[in-house]
Amino acid sequence: MAPGHMIPLVDIARQFARHGVKATIITTPLNASKFSKTIQRDREMGSDISIRTVKFPCKEAGLPEGCENIASTTSTLMYLNFIMGLSLFQNPIEQFLEEDHPDCLIAAPQFSWAVDVATKLEIPTLAFNGSGFFPLCALHSLMEHKPHLNVESEMEEFVIPGLPDTIKMSRQKLSEHLMDEKDTPVTAIVKAIMRAETTSYGVIVNSFYEMEPNYVKHSREVVGRKVWHVGPISLCNEDKSQRGQDSSFCEQKCLDWLDTKEPKSVIYICFGSMAVFSSAQLLEIAIALEASNQQFIWAVTQNTINEEQNEWIPEGFEEKLNVNGRGLIIKGWAPQVLILDHEAIGGFVTHCGWNSLLEGVSAGVPMITWPLSAEQFFNEKLLVEILKIGVPVGSEAWSNRTDSTVPINRKDIERAVTKVMVGQEAEEMRGRAAALGELAKRAVEKGGSSHNSLISLLEQLRNAKITSN
Ligand SMILES: O=c1ccn([C@@H]2O[C@H](COP(=O)(O)OP(=O)(O)O[C@H]3O[C@H](CO)[C@@H](O)[C@H](O)[C@H]3O)[C@@H](O)[C@H]2O)c(=O)[nH]1
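Residues numbered from 1 in each chain as written. Predicted model: local features only at pLDDT ≥ 70, side-chain atom pairs only at ≥ 80, totals over all residues. Heavy atoms only, no water.

- Labelled according to an unreviewed UniProt entry, the chain appears under the name Glycosyltransferase, originating from Solanum tuberosum.
- As stated in UniProt under Sequence similarities (unreviewed entry), the record for the chain gives "Belongs to the UDP-glycosyltransferase family." (UniProt positions renumbered as here; feature names shortened; annotations may be inferred.)

Listed below in C-alpha cells is the structure:
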C-alpha cells in the first residue's frame, strides 16, 4: 500500500504467474484499480493471476475516505494512523489464508503481523522489503554494532563496521528509530517490521547479483539470511506505462518532446512517490536548472508540492521553457520508466528510492543523488562510492516533510547537474552506467543471474523445501 512496494510486488507476482504459479494479489479496491488492466492482460495471455480486494476501513483507522495508500498521507499523524490501521486487515487476510491455504505468502514490510498469522497456519512466508542488498547489510551492521551511539555529534562520521567496503555515515543520515533505544509508536512499528523480516523463511530482493555481488554474499554469510535476487523486476514488465498510477495523460507528450532531443542531452528529475518539498526548495531547483543551461524534463508529482504552497515557479519560467524548448514540467505522475529508457536522457536527479535507483541503473543513466529519508542515504553510498555512477547534490540530513527551508541551494544543484552532463568525468561515469545497464538486462534474461535465482526459488517452493518457521 505504498507505490514503492506495490509496483515491484505486482511485477514479482506477475513473474511468478508467468512461471506457472497461481498468484493472488491482495489489496484494496483503489490500489487494485491502478494495475487491474495489466493483470487482466496477463490473464488473457494465460497467466493464472488474480486480484482479491479487501476494503480498507479508512474511517475506523482515523483516515479520510479514499486514503488507501501511504503516498496519500500528508502528516505524521495520518501516516501513523495508516500503519496502525493496517492491522484491521488481519481478520480478512487470516480468513483468506485459512480458506485458500497458499503454498507461500509474500508480505510487504508493513504487514508484519501477517507473518505471525501465516506461521500459525504453517504457511511459509518470504519477506520483501523493497530495497537492495547493500542497504540490508548496512542496516544489519548498524543494528548489530551500534557505532552511531558512540559519536558525539549528528555530523561526526563513523565507519559502518564489517562491510566489504569502507563506508562512512553520520547520525543525521539515519532514521530516528536507530537512535532511540526507547519505544515510540514509530520505533515499535519499525522493530515489528524488522522482526517479521528475520522470522520469515527468507528474503526476495529486487536487485541483481552483478550490481552488488559482495553484498549478496555478505547477506548470506554474515547477515545469515536466505536471499533470492529477482531484479531489476521492472525490466520483466513490457508494459512500461501502467506503473502505480495513470500517466497516460502525458506519455505521448513526453515521448514526442524527447524525440526532438539529441541522445544523452536531457536531465530527468523526479523524487519518487512520497517526497514533499517546500515551494522555496522547488524554486531553487527551477533557478538551478535554468542556470545549468541543460535541457530537462521535471516530474513534479502532486506530493512534491506542499498543498498550501503553489506559487513556486518563477514568473515566466514555464513560458520561457515552452518558447525555447529547453524544459518540460510534468505536473502529475510521470511515465518514469518510459522516460528513463529514452535515448535522449543523459542524467537522472533522484531521491535514491530503491526502485528509482534500479530503474536508472537499468536504463544505463548516471545519477545526481538527493536522498531525503528512509534507506535513501545508504542507496546514495552505493551509487556514488561503490558503483561510481552518481554525483551527490550534497544532501546531508533527513528532511522533514513539512520543512519550509532550502536544504540544498541552487549552486549545489547546478554543480551536480553539470558534473553529470559535461566533461571527461561525465563521459566515464556514463560508460560505467551503460555497462551496468547491460548487465541488468542480461540478469533477467533466460539463463541470467536473476532469472536463475527466481527459478531456483520456485523449485524450492514446489519441492516444499521452503517451510514455515
Ligand atoms: O511520477 C512518478 C513518480 C514515481 N514513479 C514510480 O514510482 C516508484 C517510486 O519508487 P521509489 O523510487 O522506490 O521511491 P518511493 O516511492 O519514495 O519509495 C519508498 O519505497 C522504496 C522501496 O522500499 C524505498 O527505497 C524508498 O526509500 C521509499 O521512499 C518508481 O517505480 C517510479 O518509477 C513513477 O512512475 N512516476
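### Considering the site of the ligand
- In the vicinity of the ligand, 23 residues are found, and the nearest of them are Ser273, Ala334, Ser356, Glu359 and Glu375.
- In the environment of the ligand, an oxygen atom lies 3.1 Å from a nitrogen or oxygen atom belonging to the side chain of histidine 5.
- Contacts to the ligand include asparagine 355, whose side-chain N or O atom sits 2.8 Å from an oxygen atom.
- Notes on the ligand: free accessible area 690 Å², of which the protein chains cover 96%.
- Of all elements in the fold, only α1 (3-18) and α15 (354-362) reach the threshold of two or more residues within the shell around the ligand.
- At 4 residues, α15 tops the list of elements feeding residues into the shell around the ligand.
- Looking at side-chain class alone, the shell around the ligand contains 7 nonpolar, 13 polar and 3 charged residues.
- In terms of domain composition, the shell around the ligand takes at least three residues from each of domain 1 (3-237 + 443-468) and domain 2 (248-442). (Near = heavy atom within 4 Å. Polar contact = N/O pair within 3.5 Å; in protein donor to acceptor, adjacent residues only side chain to side chain. Areas by Shrake-Rupley, 256 points an atom, 1.4 Å probe, with all protein chains shown as cover. Helix = DSSP H or I, 4+ residues; strand = E, 2+ residues; numbered from the N terminus. Nonpolar A, V, L, I, M, F, W, Y, C, P; charged D, E, K, R; others polar. Domains from an automatic or database assignment.)

### Here's the deal with unusual backbone geometry
- Cis geometry is adopted by the peptide bond preceding proline 232, which originates at glycine 231 and carries an omega value of -5°.
- Tracing the backbone shows proline 232 in the loop between β8 (227-229) and α11 (248-259).
- Backbone geometry at lysine 264 places phi at a positive 55°, although glycine is not the residue there.
- With respect to the helices, strands and loops of the structure, lysine 264 is situated in the loop between α11 and β9 (266-270).
- Notably, asparagine 293 is not glycine yet its phi reads approximately 65°, a positive angle.

### Describing the sheet that holds strand β4 (residues 125-127)
- The 4 strands lie next to each other as β3-β4-β7-β8, forming an open sheet whose pairing is parallel. Of all strands in the sheet, those bounded by a partner on one side alone are β3 (105-107) and β8. Adjacent strand axes in the sheet meet at a mean angle of 30°, parallel and antiparallel pairs treated alike.
- Pairing of β3 with β4, which is carried by 3 bridges, proceeds in the parallel orientation. Its bridge partner lying in β4, isoleucine 106 is registered against leucine 126. (Pairing = 2+ DSSP bridges. Axes fitted to C-alpha atoms, helices over the stretch in contact; angles between N-to-C directions.)

### Notes on the side chain of glutamate 68
- Relative to the assigned elements, glutamate 68 resides in the loop between β2 (49-53) and α4 (76-85).
- One buried charge, glutamate 68, has no salt-bridge partner; the nearest side chain with opposite charge is lysine 55, at 6.2 Å.
- Engagement of the side chain of glutamate 68 in a polar contact is seen with the backbone nitrogen of leucine 30, the distance being 2.9 Å.
- In this structure, glutamate 68 is in contact with Met1, Thr28, Pro29, Leu30, Asn31, Phe56, Cys58 and Phe82, ignoring residues within four places of it in sequence. (Buried < 20%, exposed > 50% of the residue type's maximum accessible area, 1.4 Å probe, protein only. Lys, Arg positive; Asp, Glu negative; His and termini not counted. Salt bridge = Lys/Arg side-chain N within 4 Å of Asp/Glu carboxyl O. Contact = heavy atoms within 4.5 Å.)

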